Amino acid sequence: MTTKVFVDGHEGTTGLRIHEYLAQRADIELLVIDSDKRKDTAERARLLNAADVAFLCLPDAAAKEAVALIDNPNTCVIDASTAHRTQAGWAFGLPELASDQRAKLRASKRIANPGCHASAFILALRPLVDAGLVPVDARISANSITGYSGGGKSMIAQYEAQGEAIDAKLLSPRPYALTLTHKHQPEMAAHTGLTSPPLFQPIVGPFYKGLAVSVPLHLADLKPGTTPELLHAALAVRYGNEPFVRVMPLRDADALKDGFFDVQACNDTNRVDIFVFASERHAMVMARLDNLGKGASGAAVQSMNVHLGVDEGLGL
């Protein structure tokens, strides 16, 4: 039996990659809208309701409108927008979040796909909060460096303009979201258990894809007696049986053999690598992933696989 899948917004970077993941699978029947009907509400509604699984790769407002078009109780919606990530009734599409998360994904017909920065942050911090090493009321800061593909088609075009001299400012890292109200912050707090969102500062770099989130921690601010070894052990225990999460050795020398950390080493995978670097007083917990893979499309397909009860890594 095949699963009917419709990707609403398949022309964007996330939707295109979901199509690439699914097009080779014999168990999937892709429902494709005619190009001249992409904005035809009636045709979109028909396909959304005909689908067993509908991926929404749309802006927030359009994603909410799409959900309102669905009256088939059997259609499972996987929304890649920000719209539903902290909303009651929606399962958070991060199977590794907690021991009961896969059961929630199997049972739910409404799944909110995480943001790329948020996925890395949550995976790095949630086990430390659950273990009581990081207090729930801790004031946490984080920064992230990501490839320009995370900015979507317009930013990709800006960086990859042909026949024009590239703007010099694009050749260096560019901090952004300096209103300090990045759209991923609510889910970062909600799904780590923190009582307040982190002070989060992202940076876009002059490379296509790859992402690393860094969370600096003062050991003196954590549970008394917390050491880098305890932080690393909590992560290693939590993810010991996870197929897509690797906890790398404490103070991983191989990751720094040239003196620099490779942000792009998880590209073209659905993998997350987690690191703990440390001194006597401080620790830096880092999570690295492909912002278009585990940070977006790969995560969505993984959640679909969990929901359908098939091999979680199928097609990934």
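Residues numbered from 1 in each chain as written. Predicted model: local features only at pLDDT ≥ 70, side-chain atom pairs only at ≥ 80, totals over all residues. Heavy atoms only, no water.

## Concerning the overall build of the protein
From N to C terminus, the protein includes nine helices and 13 strands. Over its C-alpha trace the protein gives a radius of gyration of 20 Å, about what one expects of a compact globule, namely 20 Å for 316 residues. Referenced to the eigenvectors of the C-alpha coordinate spread, the extents of the protein come out at roughly 60 × 50 × 35 Å. Counting across all 316 residues of the protein, residues that qualify as buried make up 53%. (Helix = DSSP H or I, 4+ residues; strand = E, 2+ residues; numbered from the N terminus. Rg over C-alpha atoms; globule rule 2.2 N^0.38 Å. Buried < 20%, exposed > 50% of the residue type's maximum accessible area, 1.4 Å probe, protein only.)

## Quick word on the pairing of strand S2 (residues 28–31)
Looking at chain direction, strand S1 (residues 3–8) and S2 are connected through four bridges and run parallel. Directly across from Lys4, in S2, lies its bridge partner Glu29. In the classification by handedness, the crossover that spans S1, the intervening helix H1 (residues 13–23) and the parallel S2 is right-handed. (Pairing = 2+ DSSP bridges. Right-handed = clockwise from strand over helix to strand, strands pointing away.)

## Some remarks on the pairing of strand S9 (residues 199–204)
Where strand S7 (residues 141–146) and S9 come together, six bridges link them in parallel fashion. Within the sheet, the bridge partner assigned to Ala142 lies in S9 and is Phe200. Where strand S8 (residues 174–175) lies against S9, two bridges are found, and the strand directions are antiparallel. Paired with Pro175 across the strands is Ile203, a residue of S9.

## Observations concerning the sheet that holds strand S11 (residues 245–247)
Judged by pairing direction, the sheet is mixed, and its seven strands sit side by side in the order S8-S9-S7-S10-S13-S12-S11 without closing on themselves. In this open sheet, the two edge strands, each paired with only one partner strand, are S8 and S11. Sheet strands in contact with helix H5 (residues 116–130) are S7, S9, strand S10 (211–218), strand S12 (272–278) and strand S13 (282–289), and its direction is about 35° off that of S10. (Contact = heavy atoms within 4.5 Å. Axes fitted to C-alpha atoms, helices over the stretch in contact; angles between N-to-C directions.)

## A short note on the side chain of Ser108
With respect to the element layout, Ser108 can be found in the loop between helix H4 (101–107) and strand S6 (110–112). A polar atom in the side chain of Ser108 sits 2.7 Å from the backbone oxygen of Arg110. Sequence-distant contacts of Ser108, defined by excluding residues within four places in its chain, comprise Cys76, Gly89, Ala91 and His307. (Polar contact = N/O pair within 3.5 Å; in protein donor to acceptor, adjacent residues only side chain to side chain.)

## Some details on helix H9 (residues 293–308)
Between its terminal C-alpha atoms H9 stretches only 20 Å, short of the 22 Å expected from 16 residues at 1.5 Å a residue. Maximum bend of H9: about 50°, positioned at Ala299. Most of H9 sits inside the fold, with 15 of its 16 residues counted as buried. Downstream of H9 by a residue or two, Gly309 has a phi angle that is positive, lying close to 75°. (Expected span 1.5 Å × (residues − 1). Bend = angle between axes of the 7 residues up to and from the residue.)

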